[in-house]
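Examination of the molecular architecture
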Amino acid sequence: MAGTTVRAQVPESAVQLVEACRAGDQAAWGRLIQRYRPIVWTVARSHGLRPADCEDVCQVTWLRVIENIGALNDPARLGAWIVTTARREALKVSGNGVKYHLVDDLSEFTHETGHHQATPEETVLSRAEGDLARKAIRHLPAQHQALLGLLLRDPPMSYDAISAALAMPRGSIGPTRNRILRQARDFLRDM
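The paragraphs below set out a description of the structure included in this document. For clarity, every value in this text was computed on a predicted model and none was experimentally measured. (Residues numbered from 1 in each chain as written. Predicted model: local features only at pLDDT ≥ 70, side-chain atom pairs only at ≥ 80, totals over all residues. Heavy atoms only, no water.)

On a plain count of helices and strands, the chain comes out with eight helices and zero strands. Mapped in sequence order, the helices and strands of the chain form the string α-α-α-α-α-α-α-α. Out of the 191 residues belonging to the chain, those deemed buried represent 31%. Taking as baseline every contact in the chain between residues at least 6 positions apart, the subset at least 24 positions apart corresponds to 58%. A total accessible area of about 12,600 Å² is found for the chain, and carbon and sulfur atoms account for 56% of it. (Helix = DSSP H or I, 4+ residues; strand = E, 2+ residues; numbered from the N terminus. Buried < 20%, exposed > 50% of the residue type's maximum accessible area, 1.4 Å probe, protein only. Contact = heavy atoms within 4.5 Å. Areas by Shrake-Rupley, 256 points an atom, 1.4 Å probe, with all protein chains shown as cover.)

In structure tokens, the structure reads:
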């Protein structure tokens, strides 16, 4: 093989990847995700999240990258920006102290529990809040109501089971759940 030179492939810089993605190069998007996927997953896991929540963090992080790659001021800092975005999304998912109570039936929220005797005012407020929550849920499309119902089961269903039950791509369950909860919250806020 005299006279032939073999050139080692030089990895693309972050700037080159960003430029290619901005230009609409789909293969560049694949390379970008392949390069940074382990980092995003590691950031999500470092927050002690369940695997399904880590998947949600990864999905939303990639959504943020797609939405904002055109606005990056310093493409050379793409990796740091992705890490920061993943960290913020992981903190949101970790709940910042917010905990969810999984239930089979929303009527649990309209009944008093424990030994505390509710005052008439507390009873009225409790019923009103339960009515508002049910109204917000009924305001959602049937497919979204079904997804919420499956997500709130106890014990929780796996994303694979939910995907099969609703004929919905597994990767869209978490982002769809977030959109549904935002819609319900916005509906309640606008009331």
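Right, picking up where we left off after that structure.
With that out of the way, let us pick up the environment of Ala14. By the secondary structure assignment, Ala14 is in helix α1 (residues 14-22). Discounting chain neighbours no more than four positions away, the residues touching Ala14 are Arg35, Tyr36, Pro75, Ala76 and Leu78.

What follows concerns unusual backbone geometry. One non-glycine residue, Ala167, adopts positive backbone phi at about 50°. You can call Ala167 exposed: its relative accessible area is 72%.

Relative to each other, α1 and helix α2 (residues 26-46) sit at 140°, their axes nearing to 8 Å. Here α1 lies oblique to α2, going by the angle between them. Handedness of the α1/α2 crossing: left-handed. Each of Ala14, Leu17, Ala20 and Cys21 in α1 lies in contact with α2, whose residues at this interface are Ala28, Trp29, Arg31, Leu32, Arg35 and Tyr36. Residues that form the contact of α1 with α2 fall into these classes: eight nonpolar, no polar and two charged. (Axes fitted to C-alpha atoms, helices over the stretch in contact; angles between N-to-C directions. Parallel < 35°, antiparallel > 145°, perpendicular 65-115°, else oblique. Left-handed = near helix turned anticlockwise from the far one by under 90°. Nonpolar A, V, L, I, M, F, W, Y, C, P; charged D, E, K, R; others polar.)

All quantities given are derived from atomic positions and should not be read as evidence of function.
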